[in-house]
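# An overview of the molecular structure
Each chain is listed here by its residues.
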Amino acid sequence: MRRALTWPALALALALVLSARAASGQGPTATEFDVGSVATWAHRDFYGGSIGIARRPSGQGRAALSVAGGGLDGEAGLRIEATGQFLVLPGARTGVSPYAGLGVAYMGAPHYRGTGALVALIGIEAPEGRRHGWFVELGLGGGVRLRTGYRWRQLSPF
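The sections below set out a description of the structure shown in this document. (Residues numbered from 1 in each chain as written. Predicted model: local features only at pLDDT ≥ 70, side-chain atom pairs only at ≥ 80, totals over all residues. Heavy atoms only, no water.)

The next point concerns the pattern of salt bridges. Side chains that differ in charge, positive against negative, can pair when their charged atoms come close. Evaluated as defined, the whole model comprises 14 salt bridges. A salt bridge links glutamate 32 to arginine 62; its shortest N-O distance comes to 2.8 Å. Here the residue glutamate 32 occupies a position in strand 1 (residues 30-41), and arginine 62 occupies one in strand 3 (residues 61-72), the gap between them amounting to 30 residues. Each member of the pair, glutamate 32 together with arginine 62, is buried. Between glutamate 81 and arginine 145 there is a salt bridge, with its nearest N and O atoms 2.7 Å apart. One end of the pair, glutamate 81, is in strand 4 (residues 75-87); the other, arginine 145, is in strand 8 (residues 144-155), and 64 residues separate them in sequence. You'll find glutamate 81 and arginine 145 in the same group, each marked buried. Residues joined in a network through salt bridges with shared partners are Glu32, Asp34, Arg56, Arg62, Arg79, Glu81, Glu125, Glu137, Arg145, Arg147, Arg151 and Arg153. (Salt bridge = Lys/Arg side-chain N within 4 Å of Asp/Glu carboxyl O. Helix = DSSP H or I, 4+ residues; strand = E, 2+ residues; numbered from the N terminus. Buried < 20%, exposed > 50% of the residue type's maximum accessible area, 1.4 Å probe, protein only.)

So this is what it looks like as structure tokens:
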């Protein structure tokens, strides 16, 4: 029997993700906004559009929150996700920048009780030291998850 995560466990995991301090390293601080699409393939499939916000306090860390609306097995659904991410090349101005993250997610719909899940992801994006660019993430979290989109950054000087 599959058991869903409890709300106290989700709240604790979310608090840990959002309170995590950035890893030390060299990189600009930034506030990021993104739009994109997300798909999760599991017992109940989810497809939708997402918006997100993230904060890079310094170094190689990023705390991100995304909200997606779309279809969950044919009815209107919602997916909310919070992750802490490690940026491999936070100040890169050329090439492709890889990153990885851990966090929590919730998926629900009016006629579906909803479920929480732990999230693990890897991603690549346009250079993280630039003001905007594309991104692609693949991971696990309530099923196999794919998220793609475009990200804008307000970078602060070093």
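Mapped onto the fold, arginine 153 is located in strand 8. When its relative accessible area of 5% is taken as the criterion, arginine 153 is described as buried. Only 3.1 Å separates the side chain of arginine 153 from the backbone oxygen of arginine 130, close enough to count as a polar contact. Apart from residues no more than four positions distant in its own chain, arginine 153 is found in contact with Thr31, Glu32, Arg56, Glu125, Ala126, Pro127, Glu128, Arg130, Arg131, His132 and Gly133. (Polar contact = N/O pair within 3.5 Å; in protein donor to acceptor, adjacent residues only side chain to side chain. Contact = heavy atoms within 4.5 Å.)

By the definition in use, this model includes 2 cavities of 30 Å³ or more. Of the pockets and cavities examined, the largest cavity occupies roughly 70 Å³. Considering the residues around the largest cavity, the lining is formed by 13 residues, among which Ala64, Ser66, Thr83, Gln85 and Arg147 are closest to the centre. Looking at the second largest cavity, the residues that line it are Val38, Ser50, Ser66, Val67, Ala68, Arg79, Glu81 and Arg147. Contributing elements (two or more residues each) for the lining of the second largest cavity: strand 3 and strand 4. Sort the elements by how many residues they give to the lining of the second largest cavity and strand 3 lands first, with 3 residues. Residues belonging to the lining of the second largest cavity are distributed by class as follows: 3 nonpolar, 2 polar and 3 charged. (1 Å grid on protein atoms, 1.4 Å probe; cavity = no way out; pocket = protein on both sides within 12 Å on 5 of 7 lines; lining within 4 Å. Points joined across faces, edges and corners; volume = space filled by probe spheres on them. Nonpolar A, V, L, I, M, F, W, Y, C, P; charged D, E, K, R; others polar.)

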